[in-house]
Amino acid sequence: MVSSPLHPNKHLLKTLYQLLVNNFLAVVVVPATAVGVLRKAAQLGPDELLTRLHGLRQVHVFLAVFLPLALATLCLMRRPRSVYLVDYACCRPRPNCRVSMGSFTENARNMPYLDDGSFRFLTRMLERSSLGDQTYLHPSLHNIPPRCSLSDSRDEAEQVIFAAIDDLLAKTGISPGAIDIIVTNCTAFNPTPSFTDMIINKYKLRSDIRDAHISGMGCSAGVISMEVARNLLRAAPRGAHALVVSTETTSLINYTGKNRAMLLPAVLFRMGAGAVLLSTSKSTSRFRLTHVVRTLTAAQDRAYRCAYQEEDEEGQTGINLSKDLVAIAGETLKANIVAIGSLVLPPSEKLLFALSFVARKVLNRKTKLYVPDFRTAFQHFCIHSGGRAVIDAVQTSLCLSDEDVEPSRMTLHRFGTTSSSSLWYELAYIEAKRRTRKGDREACIYKKVSGSTTTFLISICE
Ligand SMILES: CC(C)(COP(=O)(O)OP(=O)(O)OC[C@H]1O[C@@H](n2cnc3c(N)ncnc32)[C@H](O)[C@@H]1OP(=O)(O)O)[C@@H](O)C(=O)NCCC(=O)NCCSC(=O)CC(=O)O
């Protein structure tokens, strides 16, 4: 457990402080104003009050009522349309794709390109990875040596994408013809025709559909897809539907060299996909999307290179996961937290943060900056399960409990790193454990290649 429980007295004091600061208007301002008005009225007396009321001109009364009402209406009309999540589905790959630790190790032992040192590194990392015995890899990667042809990668993409969409259509009962927008994302595999064309062809979607595919943007591309779909929906007629599909093909892990940093993806990445239906209609929706907050640090060279597709010294292509990745994720998250905090934290946490910030600036640079208690803003956390060390780093940065990070650890254990779709597996885990209630808020925190952290918040309106 990262956060230790507070002493009962301190806990009571903190609860009182939160009640007072978070309800400052109701507890202090409103009663103080009411007392002031009543005292003034008592001083004036009923006759003087009536005379003053009669003295008010009609135009003043009209302006006092009409202007605030007109302003409030204008603000409401200018607000962007709310976007809702109708439902989501995760692909569970076919049983023949399942890969146990034993078979992974056995296969690795027989891979002609792995020398003893690389084999020992791979198996040691696998033991330390927290992955379980039931993750999935496409059958082409069970081969010795692995087959990684275009048709194998296409087959893998079709398997996971169609399984997730079929499940989503069955859950929501929506007909494919009612889909107006499709956004897909996959970092490593971008064939022609594109993933959106593949879906349009399979489900015979309408010819006036709007589509976009996002590639090369790592694990947070799932959230970026949601943002793109949300923006397209806001411009579409009311009640339109957007389908978002996030996946990663495991062909990305087919590296046949000896560079340790490039062998690591083979340990962590596994098959998976998530499909999500969004709409601007609230009637059948289960969640409301609230904010998407992005912090991009790709301008910094260290962050830019932390997950880098390249050729090694022998010309073998792979994704190089830098040892700096975890530290950079932590640093980026801190910057991201300031942006999220200003949007979602209650005034009590903002005040404590502001006070510690001022104390640090004015009094002593060594004063520790207060880490806001994000559990006051969210009930659930879906932290990208990009590796045990990534989850550890976020847990420590945000002072989260073991229970808060359990969905991420369990998703890593059961499905491995499924990249951009891991969020949907985590949400499914939380729901399967019946931990969600109406009004709960969830924070989905993603770290993507080139050093950006994307945070994406959803609230449940089920
Ligand atoms: C791989 C691990 C499970 C191993 O756990 P450990 O507790 O054993 O880790 P550790 O730091 O002690 O390291 C153990 C050994 O591995 C080596 N090692 C660790 N990370 C390495 C790397 N990136 N490249 C090369 N070697 C590496 C260390 O040098 C050490 O070697 P020696 O013992 O010989 O000195 C963990 O380090 C982990 O989860 N790392 C994060 C993986 C990651 O980058 N995930 C992001 C995926 S990308 C993603 O999610 C998408 C995106 O970002 O967009």
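Residues numbered from 1 in each chain as written. Predicted model: local features only at pLDDT ≥ 70, side-chain atom pairs only at ≥ 80, totals over all residues. Heavy atoms only, no water.

Per an unreviewed UniProt entry, the protein chain goes by 3-ketoacyl-CoA synthase and derives from Triticum aestivum. In UniProt, the protein chain has this text filed under Sequence similarities (unreviewed entry): "Belongs to the thiolase-like superfamily. Chalcone/stilbene synthases family." (UniProt positions renumbered as here; feature names shortened; annotations may be inferred.)

S.K.: Explain the pattern of salt bridges to me, please; I cannot follow it from the model alone.
M.R.: Two side chains that carry opposite charge are able to pair once their charged atoms sit near each other. As enumerated under the stated definition, the model contains 13 salt bridges in all. Three or more residues are tied together by salt bridges with common partners; here these are Asp87, Arg286 and Glu431. (Salt bridge = Lys/Arg side-chain N within 4 Å of Asp/Glu carboxyl O.)

S.K.: Can you help me understand a nonpolar patch on the surface in this one?
M.R.: Residues Leu20, Phe24, Leu25, Val27, Val28, Val29 and Val30 make up a contiguous nonpolar surface patch of about 590 Å² in total accessible area. At 6 residues, the largest contribution of residues to the nonpolar patch is made by helix α2 (residues 24–44). (Patch = residues over 30% accessible without salt bridge, like charges linked within 9 Å, V, L, I, M, F, W, Y side chains within 5 Å. Areas by Shrake-Rupley, 256 points an atom, 1.4 Å probe, with all protein chains shown as cover. Helix = DSSP H or I, 4+ residues; strand = E, 2+ residues; numbered from the N terminus.)

S.K.: Just to check I follow, could you spell out the UniProt feature "transmembrane region" (unreviewed entry) in the protein chain for this structure?
M.R.: Sequence positions flagged by UniProt for "transmembrane region" (unreviewed entry) are, in local numbering, residues 20–38 and 58–77. Segment residues 20–38 splits into 95% helix and 0% strand. End C-alpha atoms: 23 Å apart.

S.K.: What am I meant to see in the packing of helix α12 (residues 325–344) against helix α14 (residues 388–397) here?
M.R.: In helix packing, the relevant descriptors are the interaxial angle and the interaxial distance, both defined with respect to the helix axes. The N-to-C vectors of α12 and α14 enclose an angle of 30°; their axes lie 9 Å apart at closest approach. On the basis of their axis angle, the class for α12 and α14 is roughly parallel. α12 and α14 meet at a crossing whose hand is right-handed. Counting all contacts with α12, which are made through Leu325, Val326, Gly330 and Leu333, the residues of α14 involved are Ala389, Val390, Ala393, Val394 and Ser397. (Axes fitted to C-alpha atoms, helices over the stretch in contact; angles between N-to-C directions. Parallel < 35°, antiparallel > 145°, perpendicular 65-115°, else oblique. Left-handed = near helix turned anticlockwise from the far one by under 90°. Contact = heavy atoms within 4.5 Å.)

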